[in-house]
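Structure at a glance
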Amino acid sequence: TWHLKKIPQIVSERTFSLDSPKFEAKTKLELKSVCGIECQRKLPLPSLSDLKDFLSYETIFENGTRTLTEVNVLGLVLDPAGNTTKQRSSRKKRQIYGTDSRFSIYDKRFMTNFPFNTAVKISTGCSGILISPKHVLTAAHCLHNGKDYVKGSKRLRVGLMKTKSRGDGKKRKGAKRSRREVSVDPEVATELRQRSKGGGRKHRRSGRKQETSDGKPSFQWTRVKSTHIPKGWFKGVSGDIALDYDYAVLELKRPHKRKYMELGISPAIKMMPGSMIHFSGFDNDRSGQLVYRFCSISDESNDLFYQYCDAEPGSTGSGVYLRLKEPNKKKWKRKIIAVYSGHQWVDVNGEQQDYNVAVRITPLKYAQICFWIHGNDENCTRG
């Protein structure tokens, strides 16, 4: 079951105006991390003043103006255990680990329904996930390289998967629909109409190819009103040592009416059923397709999950979720517990090894993201 936790409070103290950024950074979908598993074990636990600094955040608006908000952290109990990870067997792998275990979602009935409909495409080339009627969670490096905002983030847009193609299922004035057509699936009806126009032979010859093109999602693109990035992501604040703050929240200009996924606090590996995580995104090597995968987690630190989920650039920024039961209820509940940060080379026992890494949603990060969504901490007291 999901374990309820008392959440610390993130309270804004002061907001300053900053100069407009240059928007000259190049988008990097794969990062080179310096601090790996061994390095994480040796890191001291951040102090309360460090955390205030890391959790202060920049907001950039669609007109290019920028602010810095300093925060205070209330009700936090620091864990004396430190930034520990468990020693596990190591192995050298690639981004696709052995047999490719990813699933391309072709059927629009799945693609446009929960939980797959929560996946979104970011115009800089990453993925993201819907976390409210107006907010999207993604990776910070999709928008900012640690020193400057990336070129494509000046006119940032989010692509939401369309539930219907233009004209699908719409009844024209005066047009009569036969009983038979009403009872069939809209996609089947479209195919039947195409065949009646003499396209049947062509469809049979290239059926597999046709299925692939039909399975590509179409997007409704929405402008981004503002973007929040934690100060801990910026180089010179936390140093170029870890990915702990590789997350960002985008506020859309217009709310959507789709079902979104709730946030959850990331449990330890031993608290997950089969230590299984799931995420969906738009991998570059499967152009235009929604790609879903699930896998178990290999290692963890206080802020990161190290895993071998098959993924390629383009899926970075996806929301990593799992299914657990609600306390005292029989229903399963999916919640986002991490943000997929991408492929990383890390130090393990003095060797460079690669993992796919996700940033965990800790109680502090939950409080911050929840504060960004609601504008206050009243709705964020229990995770």
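Procedures and definitions
Residues numbered from 1 in each chain as written. Predicted model: local features only at pLDDT ≥ 70, side-chain atom pairs only at ≥ 80, totals over all residues. Heavy atoms only, no water. 1 Å grid on protein atoms, 1.4 Å probe; cavity = no way out; pocket = protein on both sides within 12 Å on 5 of 7 lines; lining within 4 Å. Points joined across faces, edges and corners; volume = space filled by probe spheres on them. Helix = DSSP H or I, 4+ residues; strand = E, 2+ residues; numbered from the N terminus. Nonpolar A, V, L, I, M, F, W, Y, C, P; charged D, E, K, R; others polar. Phe/Tyr/Trp six-rings, centres within 6.5 Å; stacked < 30°, edge-to-face > 60°. Buried < 20%, exposed > 50% of the residue type's maximum accessible area, 1.4 Å probe, protein only. Lys NZ or Arg CZ within 6 Å of the ring centre and 35° of its normal. Pairing = 2+ DSSP bridges. Polar contact = N/O pair within 3.5 Å; in protein donor to acceptor, adjacent residues only side chain to side chain. Contact = heavy atoms within 4.5 Å.

Let's shift gears to empty space enclosed by the protein. For the structure on display, the rule yields four cavities of 30 Å³ or more. One number sums up the size of the largest cavity: a volume of about 100 Å³. Taken together, 13 residues make up the lining of the largest cavity; nearest its centre are Phe61, Glu62, Ser153, Lys154 and Leu156. Those elements giving two or more residues to the lining of the largest cavity turn out to be β2 (57-61) and β9 (219-230). It is β9 that provides the largest number of residues to the lining of the largest cavity, a total of four residues. For the lining of the largest cavity, the residue count by class is five nonpolar, four polar and four charged. What the second largest cavity holds in volume is close to 60 Å³. Lining the second largest cavity are Pro115, Phe116, Thr118, Ala119, Gly128, Ile129, Met261, Ser280, Gly319 and Tyr321. Of all the secondary structure elements, the ones that give two or more residues to the lining of the second largest cavity are β6 (127-130) and β15 (319-325).

Our next topic: the packing of aromatic side chains. Enumeration according to the criterion identifies 10 aromatic pairs in this entry. When the centroid spacing of 5.4 Å and the interplanar angle of 75 degrees are considered together, the rings of Tyr57 and Trp372 count as edge-to-face. Of this pair, Tyr57 sits in strand β2 while Trp372 sits in helix α7 (residues 363-374), placing them 315 residues apart in sequence. You can call Trp372 buried: its relative accessible area is 5%. An aromatic cluster is present here, built from Phe54, Tyr57, Tyr245, Tyr247 and Trp372 joined pairwise through their rings. Across the ring face of Trp332, the terminal group of Arg323 is positioned such that the distance to the ring centre comes to 4.5 Å.

Okay, the pairing of strand β10 (residues 248-252) next. In summary, the side chains of a regular strand alternate between the two faces of the sheet. Burial analysis of β10 places five of its five residues in the buried class, the great majority of the element. The two faces of β10 match: Ala248, Leu250 and Leu252 on one face and Val249 and Glu251 on the other face are all buried. One ladder, built from four bridges, connects strand β7 (residues 135-138) with β10; its direction is antiparallel. Of the residues in β10, the one forming a bridge with Leu137 is Val249. Here β9 pairs with β10 via four bridges, running antiparallel. In the strand pairing of β10, Ser226 is matched with Glu251.

Here we come to the side chain of Ser266. You can see Ser266 is positioned in the loop between β11 (262-263) and β12 (276-281). Among the polar contacts listed, one links the side chain of Ser266 to the side chain of Arg360, at a separation of 2.9 Å. Each residue touching Ser266, except ones within four places of it in the same chain, is listed here: Phe305, Ile337, Arg360 and Ile361.

Examined against the element boundaries, Leu68 turns out to sit in strand β3 (residues 66-74). Relative accessible area serves as the criterion here: at 15%, Leu68 is assigned to the buried category. Sequence separation between Leu68 and Glu58 is 10 residues; the distance between their C-alpha atoms is 4.5 Å. Excluding residues that lie within four positions of it along the chain, Leu68 makes contacts with Arg14, Thr15, Phe16, Leu18, Tyr57, Glu58 and Lys231.

Turning our eyes to something else, we now look at unusual backbone geometry. Positioned with a positive phi, Phe23 is a non-glycine residue whose angle comes to about 55 degrees. Within the secondary structure, Phe23 sits in the loop between β1 (9-18) and α1 (37-42).

Turning next to the pairing of β2. Here β2 lies mainly inside the structure; four of its five residues are buried. Relative to β3, β2 is paired through four bridges, and the arrangement is antiparallel. In the sheet register, Ile60 faces β3, and the bridge partner there is Arg66. If you look at the hairpin formed by β2 and β3, you'll find four residues sitting between the two strands, and Gly64 has a positive phi there, around 95 degrees. Of the strand pairs in this sheet, β2 and β9 are connected by five bridges, and their pairing is antiparallel. Directly across from Phe61, in β9, lies its bridge partner Ser226.

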